[in-house]
Amino acid sequence: LDKLEPSLYTVKAVLILDNDGDRLYAKYYDDTYPTVKEQKAFEKNIFNKTHRTDSEIALLEGLTVVYKSNIDLFFYVIGSSHENELMLMAVLNCLFDSLSQMLRKNVERRALLENMEGLFLAVDEIVDGGVILESDPQQVVHRVALRGDDVPLTEQTVTQVLQSAKEQIKWSLLR
C-alpha cells in the first residue's frame, strides 16, 4: 500500500461561476488544466454536474470538489482526490463568509463584480499557491481592509507630488 506524503499544497483551484456556468473568477494553483480552453471545459463540466444538486461535495475528473451556491453565484474549491474535504470546506466557508461581510451580506453577481479587487485580495489572504493560509473570515476581512487602505497610497503620493510641485512653482513665481 503506497502512502501519500502529506502536503501543504491542498487547494488546486478556487472558482466562482455565475448561474449560467460562466467564469467570474478562477484561480488555478497547479497545471492540472494548463490552458484556458481546458480550464473552461472543466468549469462547464463541474457546473453541469453540480448546479442542480443540493449536496456540497463531488468527486469529478479525479478531483475533490466542494461547492456552495448563493442567489446567482456558484463557489467552488477544488483539491486532489485524496484531499481532506473538511479542509477544502473550511476554505470555501472562509471565502464565502469573508465576501458576505465585505459585500454586507449581498453576495450576488453584480455586487461581486463591483468589488472584484476585494475578492482578489480575499482569495490571496486565504490561499497562496495552493497552501491554505487563513480560515478565519474576520482575519481575512481585516487584512483586506488594511491592504485596501494601502492601495490609495500610490495615488496619494502622486497627489502629494503634484501638490508639492504646485507649491514649488507658486514659491518660484512669488520670488
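Look up a bit, the structure's there.
Each chain has its residues counted from 1, following the order in which its sequence is written. Two thresholds apply to this predicted model, a pLDDT of at least 70 for residue-level local features and 80 or more for giving and counting side-chain atom pairs, whereas whole-chain, interface and lining totals are computed over all residues. Side-chain measures were taken over the full set of non-hydrogen atoms in the model, leaving aside hydrogen atoms and water.

J.: Before we go on, may I ask you to explain the side chain of Thr10 in this structure?
T.: Along the chain, Thr10 falls in the segment before β1 (13-18). By definition in these notes, contact holds between two residues if any of their heavy atoms fall within 4.5 Å. If near-sequence neighbours (up to four positions away) are discounted, Thr10 is found in contact with Ile78, Gly79, Ser80, Glu83, Leu88, Gly130 and Ile132. In DSSP terms, a helix is any run of H or I states spanning at least four residues, a strand is any run of E spanning at least two, and both are numbered starting from the N terminus.

J.: What's the story with the packing of helix α2 (residues 85-102) against helix α4 (residues 116-126) in this structure? I'm lost.
T.: The angle between the axes and the distance between the axes are what describe a pair of packed helices. Running from amino to carboxyl end, α2 crosses α4 at an angle of 145 degrees, the nearest separation of the two axes being 10 Å. Along this stretch, α2 crosses α4, giving a crossing that reads as right-handed. Contacts from Val91, Cys94, Leu95, Ser98, Leu99 and Met102 in α2 reach Gly118, Leu119, Ala122, Val123 and Ile126 in α4. What counts as an axis is a line fitted to C-alpha atoms, over the stretch in contact for a helix, and the angles between N-to-C directions run from 0 to 180 degrees. Here a crossing is called left-handed whenever its near helix is offset anticlockwise from the far helix by less than a right angle, and right-handed whenever the offset is clockwise.

J.: Explain the sheet that holds β1 to me, please; I cannot follow it from the model alone.
T.: Pairing between the strands of a sheet comes from backbone hydrogen bonds, and it takes one of two forms, parallel or antiparallel. What makes two strands pair is DSSP finding at least two bridges between them. Read across the sheet, 5 strands follow the order β2-β1-β5-β4-β3 without closing on themselves; strand pairing throughout is antiparallel. Both edges of this open sheet fall to β2 (23-28) and β3 (57-60), since each of them pairs with a single strand only. Sheet twist, expressed as the mean angle between neighbouring strand axes with direction ignored, is 20 degrees. Direction of pairing for β3 relative to strand β4 (residues 63-70): antiparallel, over a ladder of 4 bridges. The partner of Ile57 across the bridge, within β4, is Val66. α2 contacts β1, β3, β4 and β5 (73-80) of the sheet and is inclined by roughly 25 degrees relative to β4. Relative to β2, α4 is tilted by about 25 degrees, and along the sheet it contacts β1 and β2.

J.: What exactly am I supposed to notice about the pairing of β5 here?
T.: Looking along a regular strand, one sees the side chains alternate between the two faces of the sheet. Relative accessibility thresholds used throughout: buried, under 20% of the residue-type maximum; exposed, over 50%; partly exposed, between the two (1.4 Å probe, protein chains only). Among the 8 residues of β5, 8 are classified as buried, and the element is accordingly described as predominantly covered. With 6 bridges joining them, β1 and β5 adopt antiparallel strand pairing. Directly across from Ile16, in β5, lies its bridge partner Phe75. As paired strands, β4 and β5 are joined by 8 bridges and run antiparallel to one another. Of the residues in β5, the one forming a bridge with Val65 is Ile78. Here β4 folds back onto β5, and the loop between the two strands holds 2 residues, one of which, Ile71, carries a positive phi near 50 degrees.

J.: Sorry if this is basic, but what is going on with the nonpolar core here?
T.: For soluble globular proteins, the rule of thumb is that nonpolar side chains tend to be buried together. Judged by nonpolar contacts, the single largest core of 33 residues is most densely connected at Val11, Ile16, Phe75, Leu95, Leu99, Leu112 and Leu119. Put simply, the parts of the chain that give this core at least two residues each are β1, β2, β5, α2, α3 (109-114), α4 and α5 (137-174). Val11 has contacts with Tyr29, Val77, Ile78, Leu88, Val91, Val127, Gly130 and Ile132, leaving out every residue within four places of it along the chain. Take the buried residues of types Ala, Val, Leu, Ile, Met, Phe, Trp, Tyr and Cys, join any two whose side-chain atoms come within 4.5 Å, and each joined set is a nonpolar core. With 15 residues, the next largest nonpolar core counts Ala13, Leu60, Tyr67 and Tyr76 among its residues.

J.: Help me understand the pattern of salt bridges, please; the structure alone is not making it clear to me.
T.: The salt bridge definition used is simple: a Lys or Arg side-chain nitrogen within 4 Å of an Asp or Glu carboxyl oxygen. The final tally for this structure, using the stated rule, is 8 salt bridges. A salt bridge links Arg110 to Glu114; the nearest nitrogen and oxygen atoms lie 3.5 Å apart. With Arg110 and Glu114 both in helix α3, this residue pair falls 4 residues apart, about one helical turn. The same class applies to Arg110 and to Glu114, which are both exposed. It is possible to trace a salt-bridge network through shared partners that takes in Glu125, Glu134 and Arg143.

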